[in-house]
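Residue strings, one per chain:
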Amino acid sequence: MASVTATSHSPISADHLCVGYGKRPVIEGVTLDMQPGELLVLIGTNGSGKSTLLKTLAGLIKPVHGDLHLLGEHAGQLPKRVAYLPQHPVSSHTLPLCVRDMVAMGRYAHLGLMKQTSAHDREIVEESMTRVGIEAEADQPIRDLSGGQQQRTHLAQVLARQAEVLLLDEPTAGLDINGRKLVADLVSAERARGVTVVMATHELNDAEHATSVMLLAQRVVSVGPPEVALRDEFLRECFGFTQPH
Amino acid sequence: MIHSQCENHSQNRKLAIVNFLFGVFVDDQQLRLELIAGLLVAVTCAITGTFVVLRGLSFIGDALAHGVLPGIAAAMLLGVSGMFGAVVSAVIMMSGVGIVNRRLRLSGDTAIGLLFVGMLSLGVLITSRSVSLVGDLEEILFGDIAHVEWSTISVQLIALICIAFIFTVCRRPFLLLSVDEGLVNTSGFSAKLFHNVMMAMVATTVIVSFQTVGTLLVMGMLIAPAATGALFARRISSMIMIAALSGSISVYIGLLASYHYDLAAGASIVLTAVILFALSAIFAETRKSISRRHDDDHDHEHPHAHGHVHI
């Protein structure tokens, strides 16, 4: 798979960013300067603001104030280069779509309204399904799959975008140990080709290979390399307990 | 001699059946018009209904179908086209839902429910104040296919062409909307714009279909055939095709039943569509349980057949 072309702009840069809904702030003072291939893991309990921050990075919510740029543009301006995996996407019990068509939706940002799907697009879709191990289910209706397989399908859809920045909201939710390992391997492979990844999670283990970790509890509790951001005092402040040693 | 009599009798029965099923549409010009109008409604509803079912828009669709009542009634009082009144009503209804939802920060359901009962009550009030409209209320609610004219059919045909065009152009953002609104925006489309386009499609379908099946029953044609399609389809295009087929069969059977047994046409069509859905659901469930049993038997005989681990 081709590496991401180097650009002069930082994949994600934020300066005193305040995110929230309308004028109501949820998290204040987020400052980021991510480089290609880095992984930032957002950790916090439910309602800590992880998804709000990710949605802001994806351009779905306007920042309350502060500066935010992805690849040199305002958030939400580069759909071909930034891919977002929502939390619990409605893979719906009624959706009459086979896995292949669902994954192909990842190419829509490149195809727009009317452009025909090319052989290259189809190749990317097949490759994305193979990478998450659902190629055998390619023609199965998504509604007939298990929750884990549906999550794999959504991951394949994100990979099919072939983006330079991945924003993943709880990609390991509902996955067993094999699924979590798969996500970790995929993230590593994407980072190896220069893709920048931001991932929200409940799992402290997901932070193992992160470049940096941000602990959130409706504010930034700590930020930095895992060994710094996940110190006992920060974990206690965030979760009320510490990690077993 | 006896053999020849039996042959004649059998031929006469066959002729009677053919005449029962098809003859009426050849002999009766009005019934042919009704069939064409019904088929146009079936195909239009199949396209729109597919997204109503996938996105769970039944409530707003139903509200819209009832919300056009005051417009139609007022238009009839003023002597202008009922479709024109329905368009005005639909625009007021959709704007009202948007305003209540955004400005008053009430949930979408509450906004829709308020506008729904408000518009329906207004419609009933308008019709009850005019003696000439009291009889028309039933036709508005349950359809008046017997008075379908070529002009109605041409409007329906234009609406179908427009809706098919919108579907062709907007199918990608529509599909993304059915999965997750966030995905629409992060794929370079505007969720708000395409949601509004979809709502305009629902409103157009309701407006051009109300004369055939009535405002009360149009939801049946939007939901039942599309739900039948959802049971079997693996692609959106096949869901629309199954919905169109199921809707068309419902129109045909409904009109035949209405003609032969003097039943209300709109209700016969919609009831047929719902029965077709019920039969399809029973078939789909039976097929699924047989295939599950077959898989279990297979697993029992070959316990290691499915080696790979699913997550």
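**Q** I'm lost on the overall build of chain A in this one. Help?
**A** What chain A contains, in helices and strands, is eight helices and nine strands. Its C-alpha radius of gyration of 18 Å places chain A within 12% of the 18 Å reference for a compact globule of 245 residues. Seen through its C-alpha atoms, chain A measures out along the principal axes to roughly 50 × 40 × 35 Å. Burial analysis of chain A (245 residues in total) assigns 48% to the buried set. Contacts in chain A between residues far apart in sequence, at least 24 positions, make up 68% of those at least 6 positions apart.

**Q** Can you help me understand the sheet that holds strand β1 (residues 12-21) of chain A in this one?
**A** All names here are of chain A. Ordered in space as β2-β1-β4, the three strands form an open sheet in which the pairing is antiparallel. The open sheet terminates on both sides in strands that have one partner only, identified here as β2 (24-34) and β4 (65-70). With strand direction ignored, the average angle separating the axes of adjacent strands in the sheet is 30 degrees. Here seven bridges tie β1 to β2, and the two strands are oriented antiparallel to one another. Opposite isoleucine 12, over in β2, you have methionine 34 as the bridge partner.

**Q** Help me understand the sheet that holds strand β5 (residues 82-85) of chain A, please; the structure alone is not making it clear to me.
**A** What holds strands together in a sheet is hydrogen bonding between their backbones, with the strands either parallel or antiparallel. All names here are of chain A. The sheet built from six strands is open, its strands ordered β5-β6-β7-β3-β8-β9 with mixed pairing. Only two strands of the sheet have a single neighbouring strand rather than two, namely β5 and β9 (220-224). The sheet shows a mean angle of 10 degrees between the axes of neighbouring strands, taken without regard to direction. Note: strand β6 (residues 165-169) against strand β7 (residues 196-201), five bridges, orientation parallel. The residue bridging leucine 166 from the neighbouring strand is valine 197, located in β7. Contacts from helix α6 (residues 177-192) reach β3 (39-44), β6 and β7, with the element oriented near 155 degrees to β7. Along the sheet face, helix α8 (residues 232-239) touches β3, β8 (212-216) and β9 and points at about 145 degrees away from the line of β9.

**Q** Can you walk me through the interface of chain A and chain B in this structure?
**A** Quoted interface sizes are often the accessible area lost when the parts come together. Contact with chain A, which involves 30 residues of that partner, is made by 24 residues of chain B. If you list the elements that add at least two residues to the side of chain A that touches chain B, you get α3 (108-111), α5 (147-160) and α6 of chain A. The residue makeup of the side of chain A that touches chain B, split by class, is 19 nonpolar, eight polar and three charged.

**Q** Would you mind going over helix α12 (residues 236-261) of chain B with me for this structure?
**A** Along an α-helix, residues three or four positions apart point the same way, because every turn accommodates 3.6 residues. If you check α12 of chain B, its first and last C-alpha atoms are 36 Å apart, about what 26 residues at 1.5 Å a residue would give, namely 38 Å. One or two positions beyond α12 of chain B, positive phi appears at aspartate 262 of chain B, with a value near 55 degrees.

**Q** Help me out: how do you make sense of the nonpolar core in this one?
**A** The tendency in soluble globular proteins is for nonpolar side chains to be buried side by side. Core analysis: the largest hydrophobic core is formed by 162 residues, its most contacted members being Leu42 and Leu167 of chain A together with Leu64, Val68, Met221 and Ala226 of chain B. Here this core gets 14 residues from one element, more than from any other, and that element is helix α2 (residues 29-55) of chain B. Ignoring any residue separated from it by four or fewer positions in sequence, one finds leucine 64 of chain B in contact with Ala90, Met93, Val202, Ala203 and Val206 of chain B.

**Q** Is there a simple way to think about the environment of lysine 50 of chain A in this case?
**A** Residue and element names in this part refer to chain A. Turning to its location among the elements, lysine 50 is positioned in helix α1 (residues 50-57). Distance from lysine 50 to histidine 202, taken between C-alpha atoms, is 9.6 Å for residues 152 residues apart in sequence. In this structure lysine 50 touches Leu42, Gly44, Ala200 and Leu216, once residues within four positions along its chain are discounted.

**Q** Would you mind showing me how to read the packing of helix α4 (residues 69-78) of chain B against helix α6 (residues 108-129) of chain B here?
**A** Axes are the key here: two packed helices are described by the angle between their axes and the distance separating the axes. All names here are of chain B. Their axes nearest at 7 Å, the elements α4 and α6 cross at an angle of 25 degrees. When the interaxial angle is binned, α4 and α6 end up roughly parallel. Read as a crossing pair, α4 and α6 show a hand that is left-handed. Where α4 abuts α6, its residues Leu69, Pro70, Ala73, Ala74 and Leu77 lie against Met119, Leu120, Leu122, Gly123, Ile126 and Thr127. Tallied by class, the residues present in the contact of α4 with α6 amount to nine nonpolar, two polar and no charged.

Criteria and thresholds
Residues numbered from 1 in each chain as written. Chains lettered and ligands numbered in written order. Predicted model: local features only at pLDDT ≥ 70, side-chain atom pairs only at ≥ 80, totals over all residues. Helix = DSSP H or I, 4+ residues; strand = E, 2+ residues; numbered from the N terminus. Rg over C-alpha atoms; globule rule 2.2 N^0.38 Å. Buried ≥ 20, exposed ≤ 12 C-beta atoms within 10 Å, placed from the backbone. Contact = placed C-beta atoms within 7 Å. Pairing = 2+ DSSP bridges. Axes fitted to C-alpha atoms, helices over the stretch in contact; angles between N-to-C directions. Nonpolar A, V, L, I, M, F, W, Y, C, P; charged D, E, K, R; others polar. Expected span 1.5 Å × (residues − 1). Core = buried A, V, L, I, M, F, W, Y, C linked by C-beta atoms within 7 Å. Parallel < 35°, antiparallel > 145°, perpendicular 65-115°, else oblique. Left-handed = near helix turned anticlockwise from the far one by under 90°.

In short, shape yes, function no, at least from these values alone.
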